Amino acid sequence: MAAAPISPVTARAHSNIALIKYWGKRDAALNLPAVGSISITLDGLYTDTRVGFHAGAERDSVDIGGRKVDAAPFTKFLDLIRARAGIAHRARVESWNNFPTGAGLASSASGYSALALAGCRAAGLETSARDLSILARQGSGSAARSIFGGIVEMHRGQAEGGEDAYAEPLLNAEDWPLGVVVAITDRNAKSVNSTAGMAALDERSDYYDAWVARAPDDLASMRDAIAARDFETVGALTEMSCLKLHGLMLSTRPGLIYWNAATVASMHAIRALRAAGTPVYFTIDAGPQVKAICAPEHTAEVAAVLADVPGVLDTRISGLGPGAHPLD
Ligand code: DP6
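This is a predicted model, so every value here is computed, not measured.

(A) Main features of the overall build of the protein. Secondary structure assignment for the protein yields ten helices and 14 strands. In terms of overall dimensions, the protein is globule-like: its C-alpha atoms have a radius of gyration of 19 Å, near the 20 Å expected for 328 residues. Structurally, the protein occupies a C-alpha span of about 60 × 40 × 40 Å along its principal axes. Counting only residues that meet the buried cut, the protein has 54% of its 328 residues in that class.

Right, dumping it as structure tokens:
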């Protein structure tokens, strides 16, 4: 029996940052990752999304931050929800990020995670967190992780249909408090988004096979370090995965250079701080922002140092946050 659409539902999902990175797809149509990944969900960066399905509307409409955007990419995703619910109603989607959109702060992660939850609830669907993770993955790979809070592992999976490509929590946010300082070095949307950057990567980087082959070892080492609450090893593996990812990006034809001068200066500032005795490590996604990972008691000091780096426009401090949840 078809699910019955109910009144609009608002959900909040937090952004996440990968410690062991995802890059590359084993199936582009289903958005299946070529490698697993491990991330932390951030309490300080989130998306609130309201979805309502309406019988009379002719097409989907999507607003982000109060501005109407092209609904086409979201229609594809909303169709997945409509198919599950057996409804044809068009949706009205309104979404707000509390951080700059599309600039390497994982707005697709929090955005598709919030859309998956609010959309399913508004369509009257009862879905498990695992089902939501599988659904969110089809919007954006990293979104599968934002369904959960704390420290999260995304499985690459083996199944052709992607039934085993979902995320699972490794630790809850309160199990091991960690701090993150985001150094914003550019407020503009990035020039090559992740999906475009990953397209046909296997043919375009000589390093791709090695990246995929080593991923299970990197994930296992990180899992062990997390289980042992070994911060130095978690930090060292985080920097290693970040630099390896950027090596892969740089080696893609044409080379993808996401860093600016302030990105590089921030990396050096973090290493100098570490050499002076503060345990802090960096990571960077497909954008110019730098995220410093440290213990919560060190975030103020790290933020002060990064704020002084030439070209750093702003800093944000965050702890670990919860999984996606309804706000109504
Ligand atoms: C560098 O999840 O944005 O942030 O699946 O194509 O939407 P799509 O890509 P996306 O890629 C994230 C890449 C990354 C690393 C990571 O978050 O694991």
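Moving on from the coordinates now.
(B) Just the site of the ligand, in detail. Taken together, the neighbourhood of the ligand is formed by 17 residues, with Tyr22, Lys25, Ser140, Gly141 and Ser142 sitting nearest. At a separation of 2.6 Å, an oxygen atom of the ligand approaches a polar side-chain atom of Lys25. Ser142 is positioned such that a nitrogen or oxygen atom in its side chain is 2.7 Å from an oxygen atom of the ligand. The protein chains hide 93% of the 460 Å² of surface that the ligand would expose on its own. If one sorts the elements of the shell around the ligand by residue count, helix 5 (residues 194-198) sits on top with three residues. Here the residues of the shell around the ligand are counted per class, giving six nonpolar, seven polar and four charged.

(C) How the structure looks around empty space enclosed by the protein. Here the structure, examined in full by the defined rule, presents one cavity of 30 Å³ or more. Considered as a void within the structure, the largest cavity measures approximately 60 Å³ in volume. Of all elements in the fold, only helix 7 (208-227) and helix 8 (231-250) reach the threshold of two or more residues within the lining of the largest cavity. Across the lining of the largest cavity, the residue classes tally to four nonpolar, two polar and three charged.

(D) Representation of helix 7. Across its 20 residues, helix 7 extends 29 Å between first and last C-alpha, which sits within 8% of the 28 Å expected from 1.5 Å per residue. Most pronounced at Ala215, the bend in helix 7 amounts to some 40°, and the proline Pro216 follows within four residues. Arg229, located one to two residues past helix 7, shows a positive phi value of around 50°.

(E) Spatial organisation of the sheet that holds strand 13 (residues 314-318). Strand order in this open sheet of four strands is 11-12-10-13, and the pairing throughout is antiparallel. Unpaired on one side and paired on the other, strand 11 (280-283) and strand 13 mark the two borders of the sheet. With strand direction ignored, the average angle separating the axes of adjacent strands in the sheet is 25°. As judged from the five bridges shared by strand 10 (residues 179-184) and strand 12 (residues 290-294), these two strands associate in the antiparallel manner. Pairing of Val181 across the sheet is with Ala292, part of strand 12. Strand contacts of helix 8: strand 11 and strand 12, with the helix running at about 25° to strand 11, the strand carrying the most contacts. Sitting on the sheet, helix 10 (residues 299-307) touches strand 10, strand 11, strand 12 and strand 13, and the angle it makes with strand 10 is about 15°.

(F) Focus on the packing of aromatic side chains. This model, assessed by the stated rule, comprises four aromatic pairs. Ring geometry for Phe74 and Tyr112: centres 5.9 Å apart, planes at 25°, overall stacked. Taken together, the residues Phe74 in helix 1 (residues 72-85) and Tyr112 in helix 2 (residues 107-122) connect sequence positions 38 residues apart. Each of the two residues, Phe74 as well as Tyr112, counts as buried. Seen in terms of ring centroids, Trp176 and Phe231 are 6.5 Å apart; in terms of plane orientation they differ by 80°. Their pairing is edge-to-face. Residue Trp176 is located in the loop between strand 9 (167-171) and strand 10, and its partner Phe231 is located in helix 8; the two are separated by 55 residues in the primary sequence. Here Trp176 and Phe231 have matching classes, each one buried.

Procedures and definitions
Residues numbered from 1 in each chain as written. Predicted model: local features only at pLDDT ≥ 70, side-chain atom pairs only at ≥ 80, totals over all residues. Heavy atoms only, no water. Helix = DSSP H or I, 4+ residues; strand = E, 2+ residues; numbered from the N terminus. Rg over C-alpha atoms; globule rule 2.2 N^0.38 Å. Buried < 20%, exposed > 50% of the residue type's maximum accessible area, 1.4 Å probe, protein only. Near = heavy atom within 4 Å. Polar contact = N/O pair within 3.5 Å; in protein donor to acceptor, adjacent residues only side chain to side chain. Areas by Shrake-Rupley, 256 points an atom, 1.4 Å probe, with all protein chains shown as cover. Nonpolar A, V, L, I, M, F, W, Y, C, P; charged D, E, K, R; others polar. 1 Å grid on protein atoms, 1.4 Å probe; cavity = no way out; pocket = protein on both sides within 12 Å on 5 of 7 lines; lining within 4 Å. Points joined across faces, edges and corners; volume = space filled by probe spheres on them. Expected span 1.5 Å × (residues − 1). Bend = angle between axes of the 7 residues up to and from the residue. Pairing = 2+ DSSP bridges. Axes fitted to C-alpha atoms, helices over the stretch in contact; angles between N-to-C directions. Contact = heavy atoms within 4.5 Å. Phe/Tyr/Trp six-rings, centres within 6.5 Å; stacked < 30°, edge-to-face > 60°.

Everything listed is a geometric property; what it means functionally is a separate question.
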